[in-house]
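Descriptive structure summary
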Amino acid sequence: MQRLWTPWRMQYIAGEKNHECIFCSALSQQNDRETFIVSRGEHCFVILNKYPYNNGHLMVVPYAHTADLSSLGRSEARRRQR
Ligand SMILES: [Zn+2]
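Description of the structure in this document. Nothing here was measured: the structure is a model prediction, and the numbers come from that model. (Residues numbered from 1 in each chain as written. Predicted model: local features only at pLDDT ≥ 70, side-chain atom pairs only at ≥ 80, totals over all residues. Heavy atoms only, no water.)

For the rest of this paragraph, the subject is the coordination of the zinc ion. Around the zinc ion, the donor atoms from the protein are C21 (SG), C24 (SG) and H65 (NE2), and they sit 2.0 to 2.1 Å away. Here the donor residues of the zinc ion share one chain and are spaced in sequence as C-x2-C-x40-H. Taken as a pair, C24 in helix α2 (residues 22–28) and H65 in the loop between β3 (58–62) and α4 (74–77) lie far apart in primary sequence, 41 residues in all. (Donors = N, O, S within 2.8 Å, 3.2 Å for Na, K, Ca; no water. Helix = DSSP H or I, 4+ residues; strand = E, 2+ residues; numbered from the N terminus.)

Listed below in structure tokens is the structure:
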């Protein structure tokens, strides 16, 4: 088994947890620079990971709360065609 060495994540792992959804919390603050939201789309938004595994760790997050990708609606799951 390979392990990633990411000691900067210890602040998050060992820190006190807020039980609020981190994505909804970031969206509601309306300050994209402070919450690391890069882009807001119609069905999804893009956010930088505050405790990344590597440089530039981006996450594309659907606004819909689902347990897995297959539960997403057609609009959230499809890729935009050009
Ligand atoms: Zn949420």
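On we go from here.
With six residues, the main nonpolar core is built from A26, L27, I37, F45, I47 and V61. When residues of this core are traced back to their parent elements, those giving at least two are α2 and β2 (44–48). In contact with L27, other than residues within four places in its own chain, are I37, R40, F45 and Y63. (Core = buried A, V, L, I, M, F, W, Y, C linked by side-chain atoms within 4.5 Å. Buried < 20%, exposed > 50% of the residue type's maximum accessible area, 1.4 Å probe, protein only. Contact = heavy atoms within 4.5 Å.)

Consecutive residues of a regular strand have side chains that alternate between opposite faces of the sheet. Examined bridge by bridge, strand β1 (residues 37–40) and β2 share three bridges and lie antiparallel to one another. Counted as the bridge partner of S39 is V46 from β2. The antiparallel pairing of β1 with β2 creates a hairpin that spans three residues between the two strands. As judged from the five bridges shared by β2 and β3, these two strands associate in the antiparallel manner. Residue pairing across strands places F45 opposite V61, the latter belonging to β3. (Pairing = 2+ DSSP bridges.)

Geometric values such as these leave the question of function open.
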